[in-house]
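# Inside the fold
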Amino acid sequence: MNSAAWRPPAVPLRVEAHPTGYRPHRTHCVQRAWPQANCYLDLWIELLHCLGHDPIPALACTLSADHDGVSWTFIKPAPEDLRRLYGLDVAEDNAWLPTVDLIELGSQRGVLHTVEVDGWWLPDTAGTSYRHEHLKTAITPTSMRRRQRVMRYLHNSGLYELAGEDFDGIFGTDARPVTALAPYIEVIRNRPDLIEPDVLSTIVGEHLARRPSDNPIVRLADCVGDATGWLADGDLARFHRWAFASIRQCGATAELLADFVEHIDGICPGAAAAAAPFRTVATQTKLMQFKLARIPTGRKVDVTETLSVMTESWQTGMDIVSAAAG
Amino acid sequence: MRETIQSVLADHGRMNVDPRQIDTEDDLYEFGLTSHASVNVMLALEDEFDVEFPDEVLKKSTFSSIQSIEAVVAELIKTRG
């Protein structure tokens, strides 16, 4: 490939970390109620961590989370937040080349990618999706040795390496016929010139302005009430898909919100007091998930009290952080 | 009881190790026990031992080790009489 006209950024974006001995960010500690939120947010937490940034400011997106009656917000850092906080410009890549070529050229371009892949080929998911279940998930490749068919990648809460048949499977580079469309790929460019110093208080205000005017836990409660009807059909697999979209996203949002409000206490004095009620929401969602899972097995379940505690705690937390932000 | 718990974990825990090959105090979440799998483990334990975990033990730490599960289930069986 002729690369003579390409101008990589002055500071190329590179992850130097090694899978051996890699220490995930503290928000991914297994002792937390919800050590993982969703693949995309978890990926960004680790990517920022690897790049030497504090990922907590990127969690401002949790302030505007909502439940729309069907699902909780799939929480993701807003591109404009990543650009202003860290100088990272994120956009869909122009995927005119095969995915493996785009990823390989990333180091030459001085960029990183997020790319959707099939979890079937990710060895870090041994015991869950690896060679067991076809599952869409997002990774960031951090280095590739194409001739040796080896790639390091960030996924969920860690940094890993895959090789051989898994390399072929991820990129469709073996002899198998390609039956799927090309994946969605984002390119991440290093643009430190776009960093806006002291922008976090502005971002807090923007997310608070976008937050629902009422309490999203009330809509989650309605959704739970509806689910207690169809969950009785006995489909445990459907319960888990629903629980991921509603209960887990709510619980993880609340737990990460607790970290975020503690972080902004310096610029929004008093905000840290909201951490305790948000952590209550996180632990109560855990309890609710365990209890609701009994419904598909034919048992009656009452989560009224749990939802009441969650609703009150969320409101308390939001009132505190809103007042602290002025 | 321990063998039954290990068997439940082997069938439903979807961890990256054989639960019969680890120490009873080892952290199961470190071995890949997910939120999803812990729910299935809870349901299977209730079936196997004919117990119902009360709200106060329906928390992550209850399912964090074989030792912890064993202690909670033993107490539930004792209370049941």
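Just so it is clear, the structure is predicted and the values come from calculations on it, not from any experiment.

Another point: the interface of chain A and chain B. With 24 residues of chain A at the contact, the number on the chain B side is 22 residues. The junction of chain A with chain B conceals about 1,900 Å² of combined surface from both sides, 55% of it contributed by carbon and sulfur atoms. Note that Asp55 of chain B and Lys291 of chain A form a salt bridge whose closest N and O atoms lie 2.9 Å from each other. At the surface where chain A touches chain B, the tally comes to 12 residue pairs in polar contact (both at pLDDT 80 or more). Sorting the residues of the side of chain A that touches chain B by element identifies α8 (236-263) and α9 (275-292) of chain A as the ones contributing at least two each. Among the elements that line the side of chain A that touches chain B, the one with the most residues is α9 of chain A, at 5 residues. A per-class count over the side of chain A that touches chain B returns 10 nonpolar, 8 polar and 6 charged.

Attention now moves to unusual backbone geometry. All names here are of chain A. Despite not being glycine, Arg131 has its phi angle at roughly 55°, a positive value. For Arg131, the location among the structural elements is in the loop between β2 (112-118) and β3 (136-145). Residue class for Arg131 comes out partly exposed when judged on its relative accessible area of 35%.

To continue, consider the nonpolar core. Among the nonpolar cores identified, the biggest contains 105 residues, and Trp242 of chain A together with Phe53 of chain B are the most heavily contacted of them. Here this core gets 12 residues from one element, more than from any other, and that element is α8 of chain A. Not counting residues up to four positions away in its chain, the partners in contact with Trp242 of chain A are Cys223, Val224, Ala227, Trp230, Leu231, Ile247 and Leu292 of chain A. Of all hydrophobic cores here, the second largest spans 18 residues; its members include Leu102, Ile103, Met151 and Tyr153 of chain A.

What follows covers the packing of aromatic side chains. Note on aromatic pairs: each is described by the distance of the centres and the angle between the planes. Within the structure shown, the criterion is met by 8 aromatic pairs over all chains. Residues Phe239 of chain A and Trp242 of chain A carry aromatic rings whose centres are separated by 6.2 Å and whose planes lie at 45° to one another, so their mutual orientation is tilted. Taken together, the positions of Phe239 of chain A and Trp242 of chain A, both in helix α8 and 3 residues apart, correspond to about one turn of that helix. Of the two residues, Phe239 of chain A and Trp242 of chain A, neither departs from the other in class, the shared state being buried. Between Phe53 of chain B and Phe63 of chain B the ring centres are 5.4 Å apart and the planes differ by 70°, which places this aromatic pair in the edge-to-face class. Here Phe63 of chain B lies in the loop between α2 (35-49) and α3 (66-80) and Phe53 of chain B lies in the loop between α2 and α3, a separation of 10 residues in the sequence.

On to the side chain of Thr62 of chain A, then. For Thr62 of chain A, the location among the structural elements is in the loop between α1 (39-50) and α2 (79-86). A polar contact of 2.6 Å, which involves the side chain of Thr62 of chain A, links it to the backbone oxygen of Leu59 of chain A.

Here we come to the pattern of salt bridges. Scanning the model with the defined rule gives 27 salt bridges over all chains in all. Between Arg14 of chain A and Glu16 of chain A there is a salt bridge whose closest N-O contact spans 3.2 Å. As a salt-bridge pair, Glu75 of chain B and Lys78 of chain B come within 3.9 Å of each other at their nearest N and O atoms. Of the two residues, Glu75 of chain B and Lys78 of chain B both sit in helix α3, 3 residues apart, roughly one turn of that helix.

What follows covers the packing of helix α1 (residues 2-12) of chain B against α2 of chain B. Residues and elements named next belong to chain B. It is the contact of α1 with α2, at a shortest axis distance of 9 Å, that shows an interaxial angle of 140°. The orientation of α1 with respect to α2, classified from their angle, is oblique. Handedness of the crossing formed by α1 with α2: right-handed. Along its contact with α1, which presents Thr4, Ile5, Val8, Leu9 and His12, the element α2 presents Ala37, Asn40, Val41, Ala44, Leu45, Glu48 and Phe49.

All names here are of chain B. Relative to the helices and strands, Gln6 resides in helix α1. For Gln6, a relative accessible area of 11% corresponds to the buried category. Excluding residues within four positions of it along the chain, Gln6 makes contact with Pro19, Arg20 and Ile66.

Quick look at the sheet that holds β3 of chain A now. Residue and element names in this part refer to chain A. A sheet is described by the order of its strands in space; here 6 strands give the open sequence β1-β6-β2-β3-β4-β5, paired in antiparallel fashion. Every other strand in the sheet has two partners, leaving β1 (88-92) and β5 (158-163) as the edge strands with one partner each. Direction aside, neighbouring strands of the sheet carry axes that sit 35° apart on average. The pairing of β2 with strand β6 (residues 185-190) spans 4 bridges and is antiparallel. Paired with Val115 across the two strands is Ile185, which belongs to β6.

Calculation criteria
- Residues numbered from 1 in each chain as written.
- Chains lettered and ligands numbered in written order.
- Predicted model: local features only at pLDDT ≥ 70, side-chain atom pairs only at ≥ 80, totals over all residues.
- Heavy atoms only, no water.
- Contact = heavy atoms within 4.5 Å.
- Buried area = accessible area lost by both parts, 1.4 Å probe.
- Salt bridge = Lys/Arg side-chain N within 4 Å of Asp/Glu carboxyl O.
- Polar contact = N/O pair within 3.5 Å; in protein donor to acceptor, adjacent residues only side chain to side chain.
- Helix = DSSP H or I, 4+ residues; strand = E, 2+ residues; numbered from the N terminus.
- Nonpolar A, V, L, I, M, F, W, Y, C, P; charged D, E, K, R; others polar.
- Buried < 20%, exposed > 50% of the residue type's maximum accessible area, 1.4 Å probe, protein only.
- Core = buried A, V, L, I, M, F, W, Y, C linked by side-chain atoms within 4.5 Å.
- Phe/Tyr/Trp six-rings, centres within 6.5 Å; stacked < 30°, edge-to-face > 60°.
- Axes fitted to C-alpha atoms, helices over the stretch in contact; angles between N-to-C directions.
- Parallel < 35°, antiparallel > 145°, perpendicular 65-115°, else oblique.
- Left-handed = near helix turned anticlockwise from the far one by under 90°.
- Pairing = 2+ DSSP bridges.

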